[in-house]
Amino acid sequence: MIETNQAYSFIIDNGICTQDEADLVTSINGYNVEAINDIIYCRTGYHDIEQLHDCEPNGFDFSMVDGLDDEEDDDEGGNE
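First, a word on what this report is: a plain description of the structure on this page. Counting of residues starts from 1 at the beginning of each chain's written sequence and follows it residue by residue. A pLDDT threshold of at least 70 governs which residues receive local features in this predicted model, and a stricter bar of 80 or more applies before side-chain atom pairs are shown or counted, although totals over entire chains, interfaces and linings include all residues. To get the side-chain values, all heavy atoms of the structure are used, and hydrogens and water are removed first.

Here the focus is the overall build of the chain. The helix and strand tally for the chain stands at five helices and zero strands. For helices the rule is a DSSP run of H or I covering at least 4 residues; for strands it is a run of E covering at least 2, with both sets numbered from the N terminus onward. Reading the chain from its N end, one meets helices and strands in the order α-α-α-α-α. Out of the 80 residues in the chain, the part that is buried amounts to 31%. Of the roughly 5100 Å² of accessible surface on the chain, a fraction of 42% belongs to carbon and sulfur atoms. The classification of residues rests on relative accessible area computed with a 1.4 Å probe and restricted to protein chains. Under 20% of the type maximum is buried, over 50% is exposed, and intermediate values are partly exposed. Throughout, the Shrake-Rupley method with a 1.4 Å probe supplies accessible areas, and for residues the shown protein chains are the sole cover considered.

So, on to the side chain of Asn 14. Take Asn 14: it is sitting in the loop between α1 (4-13) and α2 (19-29). Look at Asn 14 and you get buried, because its relative accessible area is 18%. If near-sequence neighbours (up to four positions away) are discounted, Asn 14 is found in contact with Phe 60, Asp 61 and Met 64. Working rule for contacts: check all heavy atoms of both residues, and any pair within 4.5 Å makes them a contact.

On to the packing of α1 against α2, then. Every axis corresponds to a line fitted to the C-alpha atoms, with the helix fit spanning only the stretch in contact, and the corresponding angles, defined between N-to-C directions, vary from 0 to 180 degrees. Interhelical geometry of α1 versus α2 gives an angle of 140 degrees and a closest axis separation of 9 Å. Between α1 and α2 the crossing geometry is right-handed. Contacts from Tyr 8, Ile 11 and Ile 12 of α1 reach α2 at Gln 19, Ala 22 and Asp 23. Broken down by class, the residue content of the contact of α1 with α2 amounts to four nonpolar, one polar and one charged. Left-handed describes a crossing whose near helix is turned anticlockwise from the far helix through less than a right angle; right-handed describes the clockwise counterpart. Charged residues are taken to be Asp, Glu, Lys and Arg, nonpolar residues to be Ala, Val, Leu, Ile, Met, Phe, Trp, Tyr, Cys and Pro, and polar residues to be all remaining types, Gly included.

A word on the packing of α1 against helix α3 (residues 33-44). One can describe the packing of α1 onto α3 by two numbers: an axis separation of 9 Å at closest approach and a directional angle of 20 degrees. Of the possible angle classes, the one that applies to α1 and α3 is roughly parallel. Crossing of α1 against α3: the hand is left-handed. Contacts from Thr 4, Ala 7, Tyr 8 and Ile 11 of α1 reach α3 at Val 33, Ile 36, Ile 39 and Ile 40. Looking at the contact of α1 with α3 residue by residue, the classes come out as seven nonpolar, one polar and no charged. Orientation is classified from the angle alone, with under 35 degrees giving roughly parallel, over 145 giving roughly antiparallel, 65 to 115 giving roughly perpendicular, and any other angle giving oblique.

Right, dumping it as structure tokens:
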């Protein structure tokens, strides 16, 4: 599971929103992954970082998010 701090850094570092925008949303909705996912959905149409990773793997820097590369390797092995 992605931690809130990683998700927060991801959306700012990848230009999904500004820090001021993220701060506004999280101050209203709480500092949690669900609020970050709301920002991701509003700006990209994807529901969360995992879906963004699956659909746009080359469009963003996912290196700061733990566990996504492991999931990708597992998915590739079972699609024959």
